[in-house]
Amino acid sequence: MLLAKESGVIQDAAETVTTWRDNIWNWFTDMDKWMNVLYAGIKIIIIFALTRLFVHVVFGLIDRSLQKREKSRLQMNPRRLVTVGELLKNVTSITSNFIMVMLVLGEMGFELAPLLAGAGVLGLAIGFGAQSLVKDVITGFFIILEDQFAVGDVIQTGTLKGTVEIIGLRSTRLVSWTGEVHIIPNGMITNVTNFSVGTALAVVDLPFSNTKKLEGCVELLQGAMQRLKEEQGQIPQVPSVLGIQSLTASEYVLRIAVECPPSIRAEVERQIQTYAKEALEQDEMNAGM
C-alpha cells in the first residue's frame, strides 16, 4: 500500500516536472510571441529615436529664433534670452518625453486610459489651485518673448508709471521717478505704454505779452536754443522755435520743440525753459541799461 502511494507521488512529481519543462520550452520556442516582442522592441527604438530627433530639431529652432531676437529694436538682456530659451527647451523636453513614455507603455501592453485619466485629474486640480500663478507665468513668458519692454525702459501700465528694474516670469518691478517700487504680477499687465522706444518730442510753450515784438522774441529764443545745443551735448539737434501756438488779446504763445531720446524728454524740456528764462532776463538787463 505504501509502495503504491509512493509510486503515485513520484509519478505526479514527474508529470509536474514534465509539464513545467514543456511550458518553459513552449515559452522559449513560441515564435509568434518572440516576433511580437521583436516588433515591439523595434517600435520602441523608433519612438525613442524620433523623440530625440524632434527634441533636437525644436531646440535648434528655439536657438535660431532667440538669435534673431538679439537683433531686435530693443536691447534685450542676454540673461532674459537664456531664460526664455531654457524655459522653451524644458517645456519641449518634458512634453516630448511624456508622450514617448505613454507610447512605450502602450507598446508594452499597459492600459493607457487609467493613466491618462489620472494625469488629467491631477492636472485639473493643479490648474484650479494655481490659476493666477499660471496666468502670471504665461503672461510673463510672452512679455519676454515678444520684447514688449526691456529693463531700463520707462513704461506705464494702468495708473503706474516708472522705470523697469526687473522682469521675471511671475512679476515685473517698476521704480517711479519719486522712488516708489511697484511690484506688478504679470497677469495684471493688460496694456503697456513704452516711452523708451524710438524718439520723443520735447515741447515747451512760452507766453509773451502782446507788447513784445514777435520777431525780437523769436530771435532771442533761437539764440538761446543754439547756446543750449552747444553746451548740452545730449541734445541731438538745435530746438526749433516753431512760431505762435496760440493768441489772445493780451498775449501770444511761442512753441519750441526738439526730438530727443524718450528717457531724457523731461530733462530737455526743463533745460529749454531754463535757457529761455536766462535769455529773457539778460535781454531785460540789457534793455534797462
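Here the structure is a predicted model, which means the values were calculated and not measured. (Residues numbered from 1 in each chain as written. Predicted model: local features only at pLDDT ≥ 70, side-chain atom pairs only at ≥ 80, totals over all residues. Heavy atoms only, no water.)

Engineer: What should I look at first to understand the pattern of salt bridges in this one?
Structural biologist: Note that side chains of opposite charge can pair when their charged atoms are close. A complete count under the given rule lists seven salt bridges for this structure. For Glu267, the salt bridge is made with Arg270, and the minimal N-O distance between the two is 3.0 Å. One end of the pair, Glu267, and the other, Arg270, are both in helix α7 (residues 265–288), three residues apart, so they sit about a helical turn from each other. Classification of Glu267 by relative accessible area gives partly exposed; the value is 32%. A residue is classified by how much of its surface remains accessible, and Arg270, at 47% relative accessible area, is partly exposed. (Salt bridge = Lys/Arg side-chain N within 4 Å of Asp/Glu carboxyl O. Helix = DSSP H or I, 4+ residues; strand = E, 2+ residues; numbered from the N terminus. Buried < 20%, exposed > 50% of the residue type's maximum accessible area, 1.4 Å probe, protein only.)

Engineer: Is there a simple way to think about the environment of Tyr275 in this case?
Structural biologist: Locating Tyr275 in the fold gives a position in helix α7. Discounting chain neighbours no more than four positions away, the residues touching Tyr275 are Ala224, Met225, Arg227, Leu228, Glu231 and Gln232. Among the polar contacts listed, one links the side chain of Tyr275 to the side chain of Glu231, at a separation of 2.6 Å. (Contact = heavy atoms within 4.5 Å. Polar contact = N/O pair within 3.5 Å; in protein donor to acceptor, adjacent residues only side chain to side chain.)

Engineer: Would you mind showing me how to read helix α5 (residues 131–145) here?
Structural biologist: Quick reminder: α-helices carry 3.6 residues per turn. Residues three or four places apart thus point the same way. End to end, α5 covers 21 Å across 15 residues, agreeing with the expected 21 Å (1.5 Å per residue, within 8%). For α5, every residue scored as buried is listed here: Asp136, Gly140, Phe141, Ile143 and Ile144. End-on, the buried residues of α5 take up no more than an arc of 160°, which puts them together on one face. Among the residues trailing α5, Asp147 stands out with phi positive, at a value near 60°. (Expected span 1.5 Å × (residues − 1). Arc of directions from axis to C-beta.)

Engineer: Please clarify how the nonpolar core should be interpreted in this entry.
Structural biologist: Proteins that are soluble and globular tend to have nonpolar side chains buried together. Core analysis: the biggest nonpolar cluster contains 23 residues, and Leu221, Met225, Val268 and Ile272 have the highest contact counts within it. Listing elements by their share of this core, those giving two or more residues are β6 (200–209), α6 (214–231), β8 (251–260) and α7. It is α6 that contributes the most residues to this core, six residues altogether. Each residue touching Leu221, except ones within four places of it in the same chain, is listed here: Leu206, Phe208, Val241, Leu254, Ile256 and Ala276. Formed by nine residues, the second largest nonpolar core is a distinct cluster that contains Ile143, Phe149, Leu174 and Ile184. (Core = buried A, V, L, I, M, F, W, Y, C linked by side-chain atoms within 4.5 Å.)

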